[in-house]
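Fold and geometry: a report
Single-letter residue listing:
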Amino acid sequence: DAGVTQSPTHLIKTRGQQVTLRCSPKSGHDTVSWYQQALGQGPQFIFQYYEEEERQRGNFPDRFSGHQFPNYSSELNVNALLLGDSALYLCASSRGTGPNQPQHFGDGTRLSIL
Amino acid sequence: AQSVAQPEDQVNVAEGNPLTVKCTYSVSGNPYLFWYVQYPNRGLQFLLKYITGDNLVKGSYGFEAEFNKSQTSFHLKKPSALVSDSALYFCAVRDSPNQGGKLIFGQGTELSVKP
């Protein structure tokens, strides 16, 4: 039973570029959430997708956008990259959006901005 | 606004001794609380959750957590620590419990277990 998978594992970009990160949820899960984890910090919620719609959004600018596909996989897009966007980006999936459901995390994509 | 605090950046324990990693929370309604563990260069692994019911919650790898409503705490415990328990531990609270919603994480506590 595959868990949450994310690609790529590492990525290096320069300021101003655009990046797309990908996530496949755990089998049986239909909800995907994205988090940003800066070095030495706890994860910060970016947004959550369910039924191909953004259901909730954290305090991130519009440069951060996403998409969920019919097979429940998801993408995170970041435009006009800034040095401060360097972080570990984590995808988490769950079965529905109910509060009882724990979120299961992938190993993340390490994004470095030069 | 909902929040969690982990007052200790680091906890050091000798192998075989009991361990406690502290967490306090602030919520406007009923709390939905979670503990996760993160090993180097890995994502977060779910350990346990408190939704309702018994104040002592048992989870993975021998960990348990004690919910205390009067002290608004949810401390993670293990009776006998292993060197392999050394990792970064995060407490989290669920926002908007009626709608699922995001997890709000603490800053993390680094647990170091020495042989």
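Let us look at the structure shown here.

Calculation notes
Residues numbered from 1 in each chain as written. Chains lettered and ligands numbered in written order. Predicted model: local features only at pLDDT ≥ 70, side-chain atom pairs only at ≥ 80, totals over all residues. Heavy atoms only, no water. Contact = heavy atoms within 4.5 Å. Buried area = accessible area lost by both parts, 1.4 Å probe. Salt bridge = Lys/Arg side-chain N within 4 Å of Asp/Glu carboxyl O. Polar contact = N/O pair within 3.5 Å; in protein donor to acceptor, adjacent residues only side chain to side chain. Helix = DSSP H or I, 4+ residues; strand = E, 2+ residues; numbered from the N terminus. Nonpolar A, V, L, I, M, F, W, Y, C, P; charged D, E, K, R; others polar. Buried < 20%, exposed > 50% of the residue type's maximum accessible area, 1.4 Å probe, protein only. 1 Å grid on protein atoms, 1.4 Å probe; cavity = no way out; pocket = protein on both sides within 12 Å on 5 of 7 lines; lining within 4 Å. Points joined across faces, edges and corners; volume = space filled by probe spheres on them.

Thoughts on the interface of chain B and chain A
- Contacts between the two partners involve 23 residues from chain B, matched on the other side by 21 residues from chain A.
- With both chains or domains summed, chain B and chain A bury close to 1800 Å², and 47% of this area falls on carbon and sulfur atoms.
- The largest contributions to the chain B side of the interface with chain A come from Leu44(B), Lys102(B) and Gln107(B), which together make up 24% of the buried area.
- Seen at the junction of chain B and chain A, the total is 1 salt bridge.
- Ionic pairing is found between Asp107(A) and Arg42(B), a salt bridge with its closest N-O pair at 3.0 Å.
- At the junction of chain B and chain A, the tally comes to 8 residue pairs in polar contact (both at pLDDT 80 or more).
- Only strand 5 (33-38), strand 6 (44-50), strand 10 (87-94) and strand 11 (103-105) of chain B provide two or more residues apiece to the side of chain B that touches chain A.
- Residue composition of the side of chain B that touches chain A, by class: 10 nonpolar, 8 polar and 5 charged.

So, the side chain of Gln38(B)
- Looking at where Gln38(B) falls in the secondary structure, it is placed in strand 5.
- Judged by its relative accessible area of 8%, Gln38(B) falls in the buried class.

What to know about the layout of surface pockets
- As a volume, the largest pocket reaches approximately 320 Å³.
- Around the largest pocket, the lining comprises 17 residues; the ones closest to its centre are Gln37(A), Gln38(B), Pro40(B), Asn41(B) and Leu88(B).
- Considering every element that reaches the lining of the largest pocket, the biggest residue donor is strand 10 of chain B, with 3 residues.

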